[in-house]
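A structural walkthrough
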Amino acid sequence: MDAEIISVGTELALGQIVNTNAPKLAQELTSLDIKVPYQVTVFDDHAQIQDAIHAAWSRADLIFVCGGLGPTTDDVTLQSTADALGVELSVDQDHWNWIQETFKDRGITLPEENIRQARYLAGSTILANPVGLALGSWYEDAGKVVVVLPGPPSEFTGMLEQSVHPLLVERFGTGRAIASRTLNFLGRPESQLMAEVEEATAGFEHMTVTSYVQPSQIQLRINVYDLPTDQADQLLDQVSEKILEIERPYYFGDGDDCTLAQVVVEMLKDAGKKVTGAESLTGGLFQSTLCSVPGASNVFDGGFVTYAASAKESLVGVDKDVVDEYGVVSSQTAAQMAEKSRQKIDADFGVAFTGVAGPDDLEGQPAGTVWLGLAQRDQPTQTKVLHLAGYIGRQAIRNLSVQYGLQMLYQALKK
């Protein structure tokens, strides 16, 4: 069967914000062996939404209309969908009462327009919103299904996972679902990684391996087709192990949502260890990345942002003679930043970042030159130099520096 995704939003159509919902939904449908040959994006406009639904009705059995379910006058998706289908809108009174109570508890005046978020397509199955206010609708007629979902990614994802997925499996499950596994890597050029993976997996059938480059990692997705669940899982295990025989030094975890920061925080928690950071070019990004992970307070008490040489000396205790002799962009400075920050906080690990984010050179070093330091209690301090491409830009250099610092910490924790 075929599905179609209609994304509603003037900002999406103008390219002012990135549409993350449509790819997520397409992946979900593909995993259930539901093809998505058409995806369209339209303005918040009655006529455009109705035209898109009419076109989708002629070529798809399952139609998703995503976005524009807010309380303001430009949120016209639900009414436009009702008009296109020739149905009325109903109000879920229990949900409307809950919205009113929620605003009252927060001490916020509730505009009457918010009743829009308690409306749904008459005759449809109501889709609960686990993290927002607007309801969704699952409407069936003449063998076709129209699903209306909110646009904010957190609401969309929550509703997709908790409300829509079970209905998709029940209504459209074919028994030929695509089984997938995502492996995450850092530190390998994509072309080299894929060349080695293709060679390693050449003898397997019923599967493909694709790569997806993200700012902080490369994801490999293994897809297995048309096999019973137990055989698919076995094949996923075999292919994963074959890949990791070659690429394990660059691997850090499974899953679409896996991040190196999450893995490192969990490893530190499991080991009962704590970490600190001393940062120059990254300006606190390493520490912020750690603290974005729930539970980081168990492994991180505090750290240092020492942008200037004087701050490295006065706050962390880097020897002035070291800076004068070797410069701030050096192995020696990175090592002292790591070890002395670790000592000051009494942490088990200290991670240091010093280098050139660009666009200008520093101390004769080009943009992208970064020294990392890793100090570990009762172990020799390690340093590592990165030669990142200056053309990727200042922020990308900072982001990658943090990821490589996390990788050093990850590798130390694995030993």
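These lines cover the structure that appears in this document, whether it is placed above or below. (Residues numbered from 1 in each chain as written. Predicted model: local features only at pLDDT ≥ 70, side-chain atom pairs only at ≥ 80, totals over all residues. Heavy atoms only, no water.)

Along strand β13 (residues 275-279), five of the five residues are buried, which leaves the element largely enclosed by surrounding structure. Sheet topology places β13 next to strand β15 (residues 349-355); five bridges connect them, and they run parallel. Paired with Glu279 across the bridge in β15 is Phe353. One crossover worth recording links β13 to the parallel strand β14 (residues 304-305) by way of helix α10 (residues 285-291), and it is right-handed. (Buried < 20%, exposed > 50% of the residue type's maximum accessible area, 1.4 Å probe, protein only. Helix = DSSP H or I, 4+ residues; strand = E, 2+ residues; numbered from the N terminus. Pairing = 2+ DSSP bridges. Right-handed = clockwise from strand over helix to strand, strands pointing away.)

Let us look at the sheet that holds strand β10 (residues 207-214). If you trace the four strands from one edge of the open sheet to the other, you get β10-β11-β9-β12, paired in antiparallel fashion. Edge positions in the sheet fall to β10 and β12 (251-254), since each has one partner strand and no second. The mean angle between the axes of side-by-side strands here comes to 25 degrees, regardless of whether they run parallel or antiparallel. Relative to β12, strand β9 (residues 179-185) runs antiparallel, the two sharing three bridges. Within β12, the position partnered with Asn184 by the bridge is Gly253. (Axes fitted to C-alpha atoms, helices over the stretch in contact; angles between N-to-C directions.)

Before going further, it helps to spend a moment on helix α3 (residues 46-57). Between the first and last C-alpha of α3 there are 17 Å, a value that for twelve residues agrees with the 16 Å anticipated at 1.5 Å per step. Every buried residue of α3 is accounted for by Ile49, Gln50, Ala52, Ile53 and Ala56. Axial view of α3: buried residues confined to an arc of 160 degrees, hence all on one face. The secondary structure elements touched by the buried residues of α3 are β1 (2-8), β2 (35-42), β3 (62-66) and α4 (77-85). Where α3 begins, the side chain of Asp45 points an oxygen toward the backbone nitrogen of Ala47, at a separation of 3.1 Å. (Expected span 1.5 Å × (residues − 1). Arc of directions from axis to C-beta. Contact = heavy atoms within 4.5 Å. Polar contact = N/O pair within 3.5 Å; in protein donor to acceptor, adjacent residues only side chain to side chain.)

The side chains of a regular strand alternate between both faces of the sheet. With seven of eight residues buried, strand β16 (residues 369-376) is to be regarded as a mostly interior element. Pairing analysis gives seven bridges linking β15 to β16, with the strands arranged antiparallel. Pairing of Val351 across the sheet is with Leu374, part of β16. Bridge analysis of β16 against strand β17 (residues 382-387) gives six bridges, and the strand direction is antiparallel. When the bridges of β17 are listed, Val370 appears paired with Leu386. Count of turn residues in the β16/β17 antiparallel hairpin: five residues, of which Asp378 carries a positive phi of about 65 degrees.

Our focus in this paragraph is the packing of helix α9 (residues 260-271) against helix α14 (residues 394-414). In a packed pair of helices, the relevant descriptors are the angle between the two axes and the axis-to-axis distance. Taken N-terminus to C-terminus, the directions of α9 and α14 make an angle of 35 degrees; their axes are 10 Å apart at the nearest point. Considering how the two elements wind past one another, α9 and α14 form a crossing that is left-handed. Facing α9, whose interface residues are Leu260, Ala261, Val263, Val264, Met267 and Leu268, α14 presents Gln403, Leu406, Gln407, Leu409, Tyr410, Leu413 and Lys414. (Left-handed = near helix turned anticlockwise from the far one by under 90°.)

Turning to the pattern of salt bridges, a few remarks are in order. Enumeration according to the criterion identifies 16 salt bridges in this entry. Where Arg181 meets Asp237, a salt bridge forms, and the shortest distance between an N and an O atom there is 2.9 Å. Linking Arg181 in strand β9 with Asp237 in helix α8 (residues 229-247), this pair joins segments that are 56 residues apart in sequence. Judged by its relative accessible area of 41%, Asp237 falls in the partly exposed class. Among the ionic pairs, Asp301 bridges to Lys274, the shortest N-O distance being 3.0 Å. (Salt bridge = Lys/Arg side-chain N within 4 Å of Asp/Glu carboxyl O.)

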